[in-house]
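# Descriptive structure summary
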Amino acid sequence: MTYFFESYGCQMNIAESASVEQLLMSRLWERAPSGEQADLVILNTCSVRITAETRVAGRIAHYAAEKKKRSCTLLVMGCMAERLHDTFFEEFPAVDYVVGMFERDLFSDIFAAIEQGRHWQQLDEKPVNAYHFASSSYTEGSFQSFVPIMNGCNNFCTYCIVPYVRGREVSRSRDEILAELDVLADRGVREITLLGQNVNSYSWTDSESGRSYSFPSLLSDIARHIEKKGIIRWVRFMSSHPKDVSDELIDVIAREPAVCKLIHLPVQHGSDRILSAMNRRYSRKDYENLVERMRKRIPGLSLSTDILVGFPGETEEDLERTLDLLKLVRYDAAFMYHYNPREGTKAYALPDRIPDEVKKERLDRVIRLQHAITRELMQSRIGKEVPVLVESPSRNNPEELFGHTEQGEMVVFEGALDSSFIGNFVVAHLVSLHGRTFRARMIHA
Ligand code: SF4
């Protein structure tokens, strides 16, 4: 039997789709080239923006029409499945199964029923409201893997739906995480990204030894653990909340060569008034001090961030504060977006919404400034020798190889090179910059 995934939203969804795919593969299912050719279509959904849900509604309508032509099963999982759970079938009768965030245990029963050509129906009570981490989120053939270490969020930023759909924070057992790293190393994975809505509030207590692990201690243990096999060489993590970046964490990042020196530190805004309305729990000064402490302690640190423009009540002056924060910090990269009211969040009820055209114009100014900074920083790296993880042949020229740096920048190697470099780290001389991609010469493997 065949399956096809459409995954929307964040990296956590991509990791969760990969883990369900692992389960299907273990049951000898095969990936179909498209949803139109699959026996089972799985939509892994996002609720962060209303536009993400509208898009999924469009895809369900598409597959509803498909189901009139041939037999196939439509399953919806992820945040939208959790949010609309009980009303989903009324709203979208073409959907066969809805699997909420805390019902992962149902997948095996549902897949077994599809294999036997019957419809699965839940006879027992609904399962307890607990999040289960999958044993692996590995994607076949990839040299990179996400490793979820926690789920949920306790922060309740006023614009965000995540705490309502993913629930409160729960952390994964340290032993399970280390065991997954061994499996990933055996499969040739070279780089991992530890995932969670708020990774640095990771907290786990071993019930046998009574020993507790925080994010800095976990990160340190992971660095020690992967050193033994020497296969996984780069560790990233996201997302971190600035209020939870401790000096201990800064020390671990500085000390461990395996921890990539590109840290994502979402600031969201540069104005104290707006940060407070967003319930971000730090002031602009706190954030600036944190950046200063990190830069002092971690030489060559690169930073990326998230910027949310057009929050209710934002004035021109507030926006200027964000623009001058970008100039001050000089982030290597930023995810920039404008505020969209999200029903079910506190900010939904706030007055003084900013008109769409004003939000777009402000976002445009933020993007133009940040892109100019990113380009300047990238240009300053031309001539440097840097490690690159070679991933694949280049899409534009299959004769050339493609990879990325520790800072996540894309690199294409000049000239035809042996494909045996794929999956390995090499040292590259950055020769020139074309758009967002460096052209480079390989110095040595
Ligand atoms: S920290 Fe804030 S923005 Fe991030 S998931 Fe939690 S509530 Fe949402």
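Keep in mind that this is a model prediction, so the values were computed, not measured.

## Observations concerning the packing of helix α12 (residues 316-329) against helix α13 (residues 356-379)
- Contact geometry for α12 and α13: axes closest at 10 Å, N-to-C directions at 10°. It follows that α12 is roughly parallel to α13 by the angle criterion. Residues E316, L319, E320, L323, L326 and K327 of α12 touch α13, and the partners they reach there are R362, R365, V366, L369, Q370 and I373.
- Per-class residue counts for the contact of α12 with α13 are six nonpolar, one polar and five charged.

## Digging into α13
- In this model, α13 (24 residues) spans 34 Å end to end at C-alpha, consistent with the 34 Å of a helix rising 1.5 Å per residue.
- Inspection of α13 places K359, R362, L363, R365, V366, Q370, I373, T374, L377 and M378 among the buried residues, and these make up the whole buried set.
- Buried positions along α13 lie against β14 (302-309), α12, β15 (333-338), β19 (425-434) and β20 (437-444).

## Concerning the site of the ligand
- Every residue lining the ligand is accounted for by C153, N155, F156, C157, Y159, C160, V162, P163, H241 and R280.
- Of the residues contributing to the shell around the ligand, the split by class is seven nonpolar, two polar and one charged.

## Remarks on the environment of E317
- Along the chain, E317 turns up in helix α12.
- Taking the relative accessible area as the measure of exposure, E317 reaches 63% and is therefore exposed.
- Considering only alpha carbons, one finds E317 and E400, 83 residues apart in sequence, at a separation of 48 Å.

## So, the pairing of strand β16 (residues 385-393)
- Judged from the five bridges that link them, β16 and β19 form a sheet pairing that is antiparallel. Bridge assignment links V388 to a residue of β19, and that residue is V426.
- Of the pairings in the sheet, the one linking β16 to strand β17 (residues 401-405) comprises five bridges and is antiparallel in character. What sits directly across from L389, in β17, is H404.

Reading guide: rules and limits
Residues numbered from 1 in each chain as written. Predicted model: local features only at pLDDT ≥ 70, side-chain atom pairs only at ≥ 80, totals over all residues. Heavy atoms only, no water. Axes fitted to C-alpha atoms, helices over the stretch in contact; angles between N-to-C directions. Helix = DSSP H or I, 4+ residues; strand = E, 2+ residues; numbered from the N terminus. Parallel < 35°, antiparallel > 145°, perpendicular 65-115°, else oblique. Contact = heavy atoms within 4.5 Å. Nonpolar A, V, L, I, M, F, W, Y, C, P; charged D, E, K, R; others polar. Expected span 1.5 Å × (residues − 1). Buried < 20%, exposed > 50% of the residue type's maximum accessible area, 1.4 Å probe, protein only. Near = heavy atom within 4 Å. Pairing = 2+ DSSP bridges.

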